[in-house]
Amino acid sequence: ALVGQGTLADWRAGLVNDFEPHLFAIHPRLAEFKEALLAQGAGYAAMSGSGSALFGVFATEERAHQAAQALEGEARTWVGPSDAGFGR
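Being a predicted model, the structure only gives us computed values, none of them experimental.

*Asks:* Describe the environment of G51, naming the residues involved and giving the relevant values.
*Replies:* Mapped onto the fold, G51 is located in the loop between β1 (44-48) and β2 (53-57). For G51, a relative accessible area of 32% puts it in the partly exposed group.

*Asks:* An account of helix α5 (residues 61-70) is needed here, citing residue identities and associated values.
*Replies:* Looking only at α5, the buried set comprises A64, A67 and A68. For α5, the arc enclosing every buried residue in end-on projection is 100°, short of the 170-degree limit, so these residues lie on one face. The outward face of α5, more than 90 degrees from its buried face, is lined by the exposed residues E62 and Q69.

*Asks:* Describe in detail the packing of aromatic side chains, supporting the description with residues and values.
*Replies:* Within this structure, the stated rule accounts for two aromatic pairs. For the pair W11 and Y44, a centre-to-centre distance of 5.2 Å together with 90° between the ring planes defines the contact as edge-to-face. Here Y44 lies in strand β1 and W11 lies in helix α2 (residues 8-14), a separation of 33 residues in the sequence. When the centroid spacing of 6.0 Å and the interplanar angle of 50° are considered together, the rings of Y44 and F55 count as tilted. With a gap of 11 residues between them, Y44 in strand β1 and F55 in strand β2 connect regions that are remote in the sequence. A relative accessible area of 6% means that Y44 is categorised as buried. On the accessibility criterion, F55 (33% relative accessible area) is partly exposed. Taken together, the ring pairs in this structure connect W11, Y44 and F55 into an aromatic cluster.

Thresholds applied
- Residues numbered from 1 in each chain as written.
- Predicted model: local features only at pLDDT ≥ 70, side-chain atom pairs only at ≥ 80, totals over all residues.
- Heavy atoms only, no water.
- Helix = DSSP H or I, 4+ residues; strand = E, 2+ residues; numbered from the N terminus.
- Buried < 20%, exposed > 50% of the residue type's maximum accessible area, 1.4 Å probe, protein only.
- Arc of directions from axis to C-beta.
- Phe/Tyr/Trp six-rings, centres within 6.5 Å; stacked < 30°, edge-to-face > 60°.

Next up, the structure:
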């Protein structure tokens, strides 16, 4: 219900990935990338599943592209469609 109906504030409060603390301890660079997504303006950022990717949810597609450009050279980035309707 959080993903389909909740706000990004709801996501930050209740949507957690239990793998993050363990993998971030072993691979601190992952935690740095999550923090970089948040610093670039993501309303929510997390590790996907067991660590195949990190993702950020941005208010606008333009802001997502700016974040991707800022992280260029540090990580491979991809910006998905802006009409997904999540976290509004």
